[in-house]
Amino acid sequence: MDKTWMFVDRTTSKYDDGVDSFIRFAIVNSDDSNVIRCPCTKCRNAKLLHPNVVKDHLFVNGVLESYTTWFWHGENISSVPIEEKIESDFEVGDGLNTVEMVDAVYRDYETKPDGFVKLLSDAEKPLYSGCTTFNVLSTLVRLYNLKTKHGWTENSFSELLSLIGDILPKENSLPTSIYEAKKTLSTLGMQYTKIHACPNDCILYRKEYENSVVCPKCGLSRWKVMKNHKVKEGVPANVLWYFPPIPRFRRMFGTKEIAKDLTWHDNKRQIDSYMRHPADSPAWKVVDHKWPDFGSEPRNLRLALSADGVNPFSNYSTQYSCWPVILATYNLPPWLVMKRKFMMLTLLISGPKQPGNDIDVYLAPLIDDLKELWEVGVDVYDAYKKEVFNLKAILLWTINDFPAYGNLSGCTVKGYKACPICGDNTISQRLECSKKISYCGHRKYLPRGHKFRKQKKAFDGNEEHGLPPNPLSGEEVFEKVSGIHNEWGKSKKRKATINNSDSTLSWKKKSIFFNLEYWKHLYVRHCLDVMHIEKNVCESLIGTILGIPGKSKDGLSAREDLEVMGIRDELQPQKEGEKTYLPAACYNMSRAEKKKFYTTLFELKVLEWYSSNFRNRVSMDELKLNGLKSHDCHTLIQQLLPIAIRGMLPKKVRYAITKLCLFFNALCNKVLDVNTLDGIQEELVTTLCLLEMYFLPSFFDVMVHLTVHLIHEVKLCGPVWFRWMYPFERYMKVLKSYVRKGNNVEGCIAECYIAEEALEYCAEYLKDVSAVGVPRNMNNLSSDDHGIGAGNVKLVDLKLLNQAHQYVLENTNEVEEYKDNISSNMRWISHGPQHQVIKYQGYMINGVRFHTKRHDDEHCYQNSGVSVVANTMLVSSAKDKNPIIVDMWYYGVIEEIWLLDYNALKIPVFKCDWVKNDGGVKVDDLGFTLVDLQRKGHKNDPFIFASQANQVFYIEDPENPKWSCVIENSHEKFGNSSNDDSSDKAMNLHFPAKSIPLVETIVNTLHDDESSYVRLDGEPMYID
């Protein structure tokens, strides 16, 4: 049907004919031919009027141009192509934008027009009589946006509404309580469904059990049983909160900018030998290859699912665990995929008990929707392309910590077969004295003929001739679990009946995800979480070398295991009179070394966004590390640990630890070179063998073993930062902040979530309202580079001013081209700067925050370190007639920040104290760059442009306090750097050593004797 008449002049015959055709169409499809909805710009389909009155309104007021699919008048939303809409050339205020926003949610109110009438009324009602800039809805959206961003309590927000209402004119329409505000905003949000569940997790009361009042599996009542054993009918004993994803996907495509971003992977992704996005991975491409019809539509969604337990009371002594299930959408650009705005809450499993292996019962509604999205698809309107298309979706994998990995996949994650990748072929042994399982045996992953395979004494006393187990494919796993019959519920002593136990040693159940027909064909179905693996390895490593009680893998039981195994006699418990002592192993630090290690962390100053303040984590009196969080472990193992152990421990042990840290650093890069992955894996395997040579078997828990499989997953799935738990854990913290009432945890989360959904939707339409879920860079306070704080105008020394001006002249590109064209900037620069400059304590440039040395001395962070690369002429002697030009790194600290005033042009420069390269900078044998900050040079050339500065920070070298190790800031971004917030930068850290030797250079110096694991200069540990 031709609808172009809606966009032409109302005085033309085309408009007249179009109105007539519309009226006829509406009458034919109306239940009552005497009344139809009026789509004029004032009524907006909210009023039922006689067709003749509607016709008059369309001529007087004009037709609502955004109403291009006439679903209020009987038209099928999926049957009509949308014509190009004429866009206005002028900006609109909040009022018009709010009405446009309400128009865009027409489709959500097809079955509940009364709600739409109320929403439209709030969108058109002015805040008070005579107000032209704000209406009730836009005001509420802006205020609630601030509440959500800054974590205001509901009481404070209610008081604020009341205060603003008193300030405004008396006849204002602003709600006076949080209840009224939420009631208005909830009409813009999506809805959720409460599904009753058995308290024993046996069933959901849906489908065939919808009308049941007693669980058919365990016999428990559907209703809540009070303490006096009376049943409170109508009050469910257990509830699943379900947030259907299909309407939320529709709303994503209904917003123009988001609909455009959802095809980024197809339109704007850089294609080369690097992996930057899941779309670069084989796991993505196998979907395109196996199901070409699905892959040919770039708008079809690729999803990931994460589930984890959260204690909403922030009290670890409280036994309460509710389980949010979250979807992430990989179609988006890298800087949006893991942002809060696009974390889609789909299920909220009520506490206080965790579902465990019965989580499949609660996943059933979501799996049904995912099946529909795969097999049939849903009709969705694309606001960017202005057309309706059939949307389909595929779940690529799940992302969980290790216990939840077992719950979702159905495999065992404890005992002899704890590795889900190796499965029944997991290499493990029980340590009798420690009562633990050890997962050594990484020599199997070495190439055949490697010298480590033949060494006995340095390892477990045997040669190694075996090969590593091959990971099972999805089809092989499906075949193994097909014979398992699941029985759900906490009351069941036996959860599954296994028909063929020999082939299912490592499987507890058949996962519900196999109900998705594509699931068994995916390369990777459940991802190992690098965040928790990295944290556990870091804690084990630091706990063992420092001997931290409760964290160390060394001790009397661990040494007694050596006796049972008949290996490493020198490390076994020894008697000295009536006392028993443990000889110092090569990984044991002396007390002096421990003190030096803790002092390094205690005195550490890092970049402002880098990590928590380690001074608060270190106890110098007790020589302990307290309360390390996941991100603290991330920064330690990525950068800080290799520096903190410099000059401690035997060199070979220190080198092996450094190589393990380097592996995690390379693994976590945002951009991965596919050609280097095999080399990284080879280095890791050799490093694990070195650790087996130095550390006890008790050190090798399943987390250490899982590192050997991480590169395999990277090859198949792409960068790990799309598949680790950091963003989901941050989102769990957001969900915890929603809880206001301890007696209705899930209800608080559900209501606040849909309110935030409404806010995120509104932010797309209102000017100057930023989305809560896509935070601006904490440093990017404005779109321009700027000074931080109030600048001081100072009259500076003329000699220094001339040096700064000389630097500007010598390093401005326009100076080189002045002969051909003299720009206006060049004219201003040629006159020289004013004698007064503005001095700042801090400056923001290119999204990076810099401060002066004086400012850093007063704070617990360090933002004054800088480096710059410059062309330098090198000569071998005074007689050298063939000098060469090379790029050379210079390091220094910012002493002052100047803003040079060239009248119409202002140029920020940093005045720095530079380290003299000759004798002040060196690179050691492990590739660490060291500088002597007291050895200053280049005093006649102290200035650089602020835009040239690379940010670094310095850590005092524990081996020699005269020197400091250089740590570089991470500047890797993805095109749209303004969207990279501090949490993104803190995850991607440069390794401090630039050219660490290959493992083989160390391996070739090792021999099969006791010197590799005994520390002769160490301090023995006496057992009480």
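Basis of the calculations
Residues numbered from 1 in each chain as written. Predicted model: local features only at pLDDT ≥ 70, side-chain atom pairs only at ≥ 80, totals over all residues. Heavy atoms only, no water. Phe/Tyr/Trp six-rings, centres within 6.5 Å; stacked < 30°, edge-to-face > 60°. Helix = DSSP H or I, 4+ residues; strand = E, 2+ residues; numbered from the N terminus. Buried < 20%, exposed > 50% of the residue type's maximum accessible area, 1.4 Å probe, protein only. Lys NZ or Arg CZ within 6 Å of the ring centre and 35° of its normal. Salt bridge = Lys/Arg side-chain N within 4 Å of Asp/Glu carboxyl O. Pairing = 2+ DSSP bridges. Contact = heavy atoms within 4.5 Å. Axes fitted to C-alpha atoms, helices over the stretch in contact; angles between N-to-C directions. Core = buried A, V, L, I, M, F, W, Y, C linked by side-chain atoms within 4.5 Å. Parallel < 35°, antiparallel > 145°, perpendicular 65-115°, else oblique. Left-handed = near helix turned anticlockwise from the far one by under 90°. Nonpolar A, V, L, I, M, F, W, Y, C, P; charged D, E, K, R; others polar. Expected span 1.5 Å × (residues − 1). Polar contact = N/O pair within 3.5 Å; in protein donor to acceptor, adjacent residues only side chain to side chain.

Student: I'd like a rundown of the packing of aromatic side chains, residues and numbers included.
Tutor: Within the structure shown, the criterion is met by 36 aromatic pairs. With a centroid separation of 5.2 Å and an interplanar angle of 70 degrees, the aromatic rings of Phe253 and Phe389 are classed as edge-to-face. With Phe253 in helix α8 (residues 245-254) and Phe389 in strand β12 (residues 387-391), this pair connects stretches of sequence that are 136 residues apart. Using a relative accessible area of 1% as the deciding quantity, one classes Phe253 as buried. Residue class for Phe389 comes out buried when judged on its relative accessible area of 7%. Considering the side-chain rings of Trp889 and Tyr891, the 6.4 Å spacing of their centres and the 15 degrees angle between planes classify their relative orientation as stacked. Put simply, the rings of Trp5, Tyr15, Phe22, Phe25, Phe59 and Trp70 touch in pairs and so form one group of aromatic residues. In this structure, Arg299 packs its charged tip against the face of Phe389, placed 3.9 Å from the ring centre. A cation over a ring is seen here: Lys579 above Tyr1022, with NZ or CZ 6.0 Å from the ring centre.

Student: I'd like a description of the pattern of salt bridges, backed by residues and values.
Tutor: Between side chains of opposite charge, pairing is possible as soon as their charged atoms come close. Scanning the entire structure with this criterion turns up 36 salt bridges. Among the ionic pairs, Glu593 bridges to Arg1015, the shortest N-O distance being 2.6 Å. Of this pair, Glu593 sits in helix α20 (residues 591-602) while Arg1015 sits in the loop between α34 (999-1003) and β38 (1021-1023), and the two are 422 residues apart along the sequence. No difference in accessibility class separates Glu593 from Arg1015, as the two residues are buried. Close ionic contact of Lys936 with Asp913 constitutes a salt bridge, the shortest N to O distance being 3.3 Å. Of this pair, Lys936 sits in strand β34 (residues 936-937) while Asp913 sits in strand β31 (residues 906-915), placing them 23 residues apart in sequence.

Student: A description of the sheet that holds strand β6 (residues 239-242) should follow, citing residues and the corresponding values.
Tutor: Judged by pairing direction, the sheet is mixed, and its 7 strands sit side by side in the order β3-β6-β10-β9-β8-β13-β18 without closing on themselves. At either margin of the open sheet sits one strand with a lone partner, and together these are β3 (193-196) and β18 (526-527). Inspection of the sheet shows β6 paired to strand β10 (residues 344-349) by 3 bridges, in the antiparallel sense. Paired with Tyr242 across the bridge in β10 is Leu347. Running over the sheet, helix α14 (residues 359-375) touches β3, β6, β8 (301-307), β9 (323-329), β10 and β13 (393-399) and is turned about 150 degrees from β10.

Student: How would you sum up the sheet that holds β38? Please name residues and give values.
Tutor: Reading across from one edge, β19-β20-β38 is the order of the 3 strands in this open sheet, with antiparallel pairing throughout. Across the chains shown, the open sheet's two edge strands, defined by having one partner strand only, are β19 (574-576) and β38. Direction aside, the axes of adjacent strands within the sheet are offset by 40 degrees on average. Here strand β20 (residues 579-582) runs beside β38; their pairing, made up of 3 bridges, is antiparallel. Within the sheet, the bridge partner assigned to Leu582 lies in β38 and is Met1021.

Student: Mind laying out the nonpolar core, listing which residues take part and the relevant values?
Tutor: Core analysis: the largest hydrophobic core is formed by 216 residues, its most contacted members being Tyr330, Leu395, Phe513, Phe597, Ile657 and Phe695. Those residues in contact with Leu395, other than ones at most four positions away along the chain, are Leu303, Ala304, Leu305, Leu327, Leu370, Phe513, Leu516, Tyr518, Trp519 and Leu522. Formed by 33 residues, the second largest nonpolar core is a distinct cluster that contains Tyr840, Val866, Ile894 and Val909.

Student: Explain unusual backbone geometry residue by residue, including any values.
Tutor: Glycine aside, residues mostly have negative phi angles, and peptide bonds mostly take the trans form. Residue Pro352 is bonded to the preceding Gly351 through a cis peptide linkage, with omega at 10 degrees. Structurally, Pro352 can be placed in the loop between β10 and α14. One non-glycine residue, His229, adopts positive backbone phi at about 70 degrees. Position of His229 among the secondary structure elements: in the loop between β4 (223-225) and β5 (231-236). Positive phi outside glycine occurs at Arg568, with the angle close to 50 degrees. Here Arg568 shows up in the loop between α19 (556-565) and β19.

Student: Lay out the packing of helix α5 (residues 136-150) against helix α27 (residues 745-763) with the relevant residues and their values.
Tutor: Contact pair α5 / α27: the axes reach a minimum separation of 10 Å and the direction vectors enclose 120 degrees. Considering their axes alone, α5 and α27 lie oblique with respect to each other. Regarding α5 and α27, the two cross each other, and that crossing is left-handed. Contacts from Val141, Tyr144, Asn145 and Thr148 in α5 reach Ala755, Glu756, Leu759 and Cys762 in α27. For the contact of α5 with α27, the per-class residue count stands at 5 nonpolar, 2 polar and 1 charged.

Student: Explain the environment of Tyr67 to me, and be specific about the residues and the numbers.
Tutor: As for its position among the elements, Tyr67 is in the loop between α2 (51-60) and α3 (94-103). In sequence terms Tyr67 and Asn45 are 22 residues apart; their C-alpha atoms lie 9.3 Å from each other.

Student: Go over α27 with me, naming the residues and quoting the values.
Tutor: Structural remark: α-helix, 3.6 residues per turn; residues separated by three or four positions point the same way. Helix length check: α27, at 19 residues, gives a terminal C-alpha distance of 27 Å against a target of 27 Å (1.5 Å per residue), a fit within 8%. In terms of residue burial, α27 counts as a mostly covered element, since 18 of its 19 residues are buried. A side-chain oxygen of the first residue of α27 lies 3.3 Å from the backbone nitrogen of Gly747; this N-cap is Asn744.

Student: Go over the pairing of β6 with me, naming the residues and quoting the values.
Tutor: Burial of the side chains of β6 extends over both faces: Val239 and Trp241 are buried on one face and Leu240 and Tyr242 on the other. Judged from the 4 bridges that link them, β3 and β6 form a sheet pairing that is antiparallel. Residue pairing for β6: Ile195 is matched across the bridge by Leu240.

Student: Can you break down the side chain of His196 residue by residue, with the values?
Tutor: Its place among the elements puts His196 in strand β3. At 3.0 Å, the side chain of His196 and the side chain of Arg222 are in polar contact. If sequence neighbours within four positions are ignored, His196 has contacts with Leu204, Tyr205, Arg222, Trp223, Pro236, Asn238 and Val239.

Student: I'd love a proper account of the packing of helix α1 (residues 13-28) against α2, names of residues and values included.
Tutor: Where α1 meets α2, the axes come as close as 11 Å, and the angle between the chain directions of the two elements is 150 degrees. As α1 runs across α2, the sense of the crossing is right-handed. In this structure, α1 uses Tyr15, Asp16, Val19, Asp20, Phe22, Ile23 and Ile27 to contact α2, whose residues at the interface are Pro51, Val54, Lys55, Leu58 and Phe59. Of the residues contributing to the contact of α1 with α2, the split by class is 9 nonpolar, no polar and 3 charged.

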